[in-house]
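Read off the chains here:
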Amino acid sequence: MDIPRLVIEKHQSAINNRDLVAYIDTTSFPFTYQNFNGTSLTVENSLQYRNIYPAPWETILATFPEWVMTKHEDVKQVVASKSSAVFLIKAKWVTNNSSVQKPITLIWIAVKKYKKWGVQFRHNLGTLD
């Protein structure tokens with residue numbers, strides 16, 4: 001992928017579609033996920049997603065079973081260089097019921113390695129309003 005914004009969209013789509021192959025294809029390893037509650041996870045390579053760590057949608061569903069998908073409502077590129085780009089994302093969880101979800105704020109960093117863009121860091125800041 002040549003455009004960092006596109007890899008952000010494809011990464012979220014892979015999560016929403018529960019597609020591990022597409023998810024790994026849009027991830028740059030080592031990959032780190034930091035949750036708003038302080039939980040952090042670093043996955044060194046794609047095999048660890050298959051053998052050690054659950055896919056991200058499994059983690060979400062384990063703690064929030066009503067989750068269907070995450071919808072990015074606003075994606076802003078904050079800063080970028082030739083090999084990295086930082087995005088500030090406002091999103092909402094779509095649920096299997098009609099309950100209104102508070103917006104969540106995310107920071108995602110995409111990097112270019114081996115001529116390919118991938119998401120290397122995701123931080124879920126939680127609800128800020």
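Attention here is on the structure that accompanies the text. Remember, predicted model here, so these are calculated numbers, not experimental data.

What counts, and where the lines are drawn
Residue numbers here run from 1 along each chain, matching the order of that chain's written sequence. Under the rules for a predicted model, residues below a pLDDT of 70 receive no local features and side-chain atom pairs below 80 are neither given nor counted, while totals for whole chains, interfaces and linings still include all residues. Side-chain numbers here rest on the full set of heavy atoms in the structure, without hydrogens or water. We count a stretch as a helix when DSSP gives it H or I for four or more residues in a row; a strand needs E for two or more, and each element gets its number in order from the N terminus. Each residue is assigned to one of three classes by its accessible area relative to the maximum for its type, calculated with a 1.4 Å probe on protein chains only: buried under 20%, partly exposed between the two thresholds, exposed over 50%. Two residues qualify as a contact provided that any one of their heavy atoms is within 4.5 Å of a heavy atom in the partner residue. Of the two site types, the cavity is a set of points on a 1 Å grid over the protein atoms alone where a 1.4 Å probe fits but cannot get out, and the pocket is an open set with protein on both sides within 12 Å along at least five of seven lines, each lined by residues with an atom within 4 Å of a point. Grid points are joined across faces, edges and corners, and a volume is the space filled by probe spheres set on the points. Just so you know the grouping, Ala, Val, Leu, Ile, Met, Phe, Trp, Tyr, Cys and Pro go in nonpolar, Asp, Glu, Lys and Arg go in charged, and all remaining residues, Gly too, go in polar. Each C-beta atom gives one direction from the helix axis, and the arc is the one those directions make. Following DSSP output, two strands are said to pair if at least two bridges run between them. Axis angles are defined between N-to-C directions and span 0 to 180 degrees, where every axis is a line fitted to C-alpha atoms and, for a helix, only to the segment in contact.

## Topic: the environment of Arg122
Relative to the helices and strands, Arg122 is located in strand β6 (residues 116–126). Classification of Arg122 as buried rests on a relative accessible area of 7%. When residues no more than four places from it in sequence are discounted, the contact partners of Arg122 are His11, Ile15, Tyr23, Phe31, Thr32, Tyr33, Gln34, Pro56, Ile107 and Trp108.

## Things to note about the layout of surface pockets
The calculated volume of the largest pocket comes to roughly 520 Å³. Together, 25 residues line the largest pocket, and Tyr33, Asn35, Thr59, Ile60 and Arg122 are the ones closest to its centre. When residues of the lining of the largest pocket are assigned to their parent elements, the largest contribution, four residues, is made by helix α4 (residues 56–63). Looking at the lining of the largest pocket, its residues break down into 15 nonpolar, nine polar and one charged.

## Remarks on α4
Every buried residue belonging to α4 is among Pro56, Trp57 and Ile60, and all of these are buried. Down the axis of α4, the smallest arc covering the buried residues is 95 degrees, so these residues share one side. Those residues of α4 hidden inside the fold are in contact with α1 (4–16), α2 (20–25), α3 (46–51), β3 (67–80), β4 (84–95) and β6.

## Some thoughts on the sheet that holds strand β5 (residues 104–113)
Overall, mixed pairing links the six strands, which are arranged β2-β1-β6-β5-β4-β3 in an open sheet. A strand with exactly one partner marks an edge of an open sheet, and here the two such strands are β2 (40–43) and β3. The average undirected angle you get between the axes of adjacent strands in this sheet is 20 degrees. With nine bridges joining them, β5 and β6 adopt antiparallel strand pairing. By the bridge assignment, Lys113 is partnered in β6 with Lys116. Running at roughly 165 degrees to β3, α1 makes contact with β1 (27–34), β3, β4, β5 and β6 of the sheet.

## Brief notes about unusual backbone geometry
Pro30 follows Phe29 through a cis peptide bond whose omega is 0 degrees. With respect to the helices and strands, the residue Pro30 is situated in strand β1. Not every positive phi belongs to a glycine, and Lys115 is a case in point at roughly 65 degrees. Tracing the sequence through the fold places Lys115 in the loop between β5 and β6.

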